[in-house]
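Tertiary structure, described
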Amino acid sequence: MARLAGRRALFAVPVVLVVTFGVFAIAAASPFDPVKAYAGTAALGADQETLDRLRENLGVDQSFVVRWWNWLTSALTGDLGHSGVMRQPVTQVIGERLVWSVLLCAVAFAAAVLAGTVLGVLAARRPGSMLDRAVTSLAYTLEAAPVFWIALLAVWLFALQWDVLPAGGLTDTASERVTPGQVASHVALPAGVLAVSQLPWFTLYVRQGVGDALAEDPVRGARARGLGERTVLLGHALRSGLLPVLTLIGSRVPELITGALLVESVFSWPGIAAATVEAATAVDFPLLAALTTLATAAVLAGNLLADLLYGLFDPRVKLSDM
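Along every chain, residues carry numbers that run from 1 in the direction the sequence is written. Owing to the predicted nature of the model, reporting of local features is limited to residues with pLDDT of at least 70; listing and counting of side-chain atom pairs is limited to 80 or more, with chain, interface and lining totals taken over all residues. Only hydrogens and water are set aside when side-chain values are computed; all heavy atoms of the structure are taken into account.

Helical segments are the DSSP runs of H or I of at least four residues, strand segments are the runs of E of at least two, and each set is numbered from the N terminus. Across its full length, the protein carries 14 helices and two strands. Burial status follows relative accessibility: with a 1.4 Å probe on protein chains alone, a residue under 20% of its type maximum counts as buried, one over 50% as exposed, and anything between as partly exposed. Burial statistics for the protein: of 322 residues in total, 36% are counted as buried. Any two residues whose heavy atoms approach within 4.5 Å are treated as being in contact. Long-range pairs, those at least 24 residues apart, make up 73% of the contacts in the protein with a sequence separation of at least 6.

Mapped onto the elements of the fold, Val-245 is located in helix α11 (residues 243-251). When the C-alpha atoms of Val-245 and Val-206 are compared, they prove to be 6.6 Å apart, with 39 residues separating the residues in sequence.

Now for the environment of Asp-52. In this structure, Asp-52 sits in helix α3 (residues 48-58). Note on Asp-52: relative accessible area 38%, which makes it partly exposed. Each C-alpha atom, one on Asp-52 and one on Val-35, is 8.8 Å from the other, the two residues being 17 residues apart in sequence.

This part is about the nonpolar core. Soluble, globular proteins show a tendency: their nonpolar side chains are buried together. Counting residues in hydrophobic clusters, the biggest one holds 41 residues, and the most contacted among them are Leu-104, Val-193, Leu-194, Val-210, Val-263 and Phe-267. Taken together, the elements giving at least two residues each to this core come down to α5 (90-125), α7 (147-161), α8 (180-214), α10 (229-241), α11, α12 (253-267) and α14 (285-313). Top contributing element to this core by residue count: α8, with twelve residues. With near-sequence residues (within four places) excluded, Val-210 lies in contact with Val-121, Ala-124, Leu-233, Ala-237, Leu-238 and Gly-241. Side-chain atoms within 4.5 Å are what join buried Ala, Val, Leu, Ile, Met, Phe, Trp, Tyr and Cys residues into a set we call a nonpolar core. Counting 23 residues, the second largest nonpolar core, distinct from the first, contains Leu-51, Val-93, Ala-279 and Ala-290.

So, on to the side chain of Thr-20. Examined against the element boundaries, Thr-20 turns out to sit in helix α1 (residues 2-28). In this structure Thr-20 comes out as buried when scored by relative accessible area, which is 0%. The definition of a polar contact used here is a pair of N or O atoms within 3.5 Å, where within protein one atom must be able to donate a hydrogen and the other to accept one, and adjacent residues in sequence count solely through side-chain atom pairs. Of the polar contacts made by the side chain of Thr-20, one reaches the backbone oxygen of Leu-17; its length is 3.1 Å. Engagement of the side chain of Thr-20 in a polar contact is seen with the side chain of Trp-68, the distance being 3.0 Å. In this structure, Thr-20 is in contact with Trp-68, Trp-71, Ala-289 and Thr-293, ignoring residues within four places of it in sequence.

Two rings from Phe, Tyr or Trp (for Trp, the six-membered ring) form a pair when their centres are within 6.5 Å of each other. A pair whose planes differ by under 30 degrees is stacked, one over 60 is edge-to-face, and the rest are tilted. In total, this model carries eight aromatic pairs according to the counting rule given. Ring centres 5.4 Å apart and planes at 25° place the aromatic pair Phe-24 and Phe-285 in the stacked group. With Phe-24 in helix α1 and Phe-285 in helix α14, the pair connects residues that are 261 residues apart, well separated along the chain. We classify Phe-24 as buried; its relative accessible area is 2%.

All right, on to a nonpolar patch on the surface then. Together, Phe-148, Trp-149, Leu-152, Leu-153, Trp-156, Leu-160 and Leu-262 make up a nonpolar patch on the protein surface, roughly 740 Å² of accessible area in all. The element that contributes the greatest number of residues to the nonpolar patch is α7, accounting for six residues. Residue placement: Leu-262 occurs in helix α12. For Leu-262, a relative accessible area of 37% translates into the label partly exposed. Without a salt bridge and with relative accessible area above 30%, a residue can belong to a patch; like charges are then joined within 9 Å and nonpolar side chains (Val, Leu, Ile, Met, Phe, Trp, Tyr) within 5 Å. Only the protein chains shown count as cover for residues, with accessible areas throughout obtained via the Shrake-Rupley method and a probe of 1.4 Å. Any carboxyl oxygen of Asp or Glu that lies within 4 Å of a side-chain nitrogen of Lys or Arg is treated as forming a salt bridge with it.

For Arg-87, which is not glycine, the phi dihedral falls at a positive 60°. With respect to the helices and strands, the residue Arg-87 is situated in the loop between β1 (82-83) and β2 (88-89). Exposure remark for Arg-87: the relative accessible area of 45% places this residue in the partly exposed category. One non-glycine residue, Asp-163, lies in positive phi territory at about 55°. Residue placement: Asp-163 occurs in the loop between α7 and α8. A relative accessible area of 62% places Asp-163 in the exposed class.

With that settled, the discussion passes to the side chain of Thr-117. You can see Thr-117 is positioned in helix α5. In this structure Thr-117 comes out as buried when scored by relative accessible area, which is 18%. A polar contact of 2.7 Å, which involves the side chain of Thr-117, links it to the backbone oxygen of Val-113. Those residues in contact with Thr-117 that lie beyond four places of it in its chain are Val-206, Leu-238 and Leu-242.

Shown next as structure tokens:
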């Protein structure tokens, strides 16, 4: 396990270098002016000399290669730079928002895995039945639905029509402190929407995996020995059928992050979405690079976790061979 993690860590180094270099290159080619974004309306009446001086103070008068190298060498010492658009150190910007994004993604991912497993098993028990057709039809429908459309529909239904959940934010209006109860009620709707966007993949994978496992010789042998249907399904077929789902953990991380950004924007969730949008439009190089590196690390960690889980739960796979 340690060797696998070490090899993946070495592989991550060039990936992060290429990704961050690409971020600086794309940002440099952006039509947005970081100086005007930093100065705001004050830039409208400023003369060119003042703008040039501000450009020099912000360090954006240098080539993107120089800016990338300066940021990289500073990041290796723990200094991620200063966000011009947020007027804060990048580490503080990420630290204040990351915990809420992680909470949202963790709740949504856990709900999607649990609900997808239950629906997939129910559909796989009787292939071709009404329940199977209903579950698969629902999965394909949700798979085609954009996450922002689901979010807007959820706001209209649960917040406006039924008034059972808050429409957005982290706490109630005029609340002076954050309480666990308020966070739980406010995270329910965005986490539910994000979970629904991930639900089809887990449902279809579990349905296919469990359905194939039920047709295998070991499971049919267990039935022939007189074992109960519940024991056969949960003790044999489900364990084997869930193995393909482990590969989804790594492959769904990029879409989970993308979906979280959209969901956070719709529900005004105080995660990293707003910081990402503002960093992109303001061409905030340090913040853009840090957020991109964070997303890249999350994707690589998801792939590593999927491989580790597969090696631990599948006796045919050895971690030493991966």
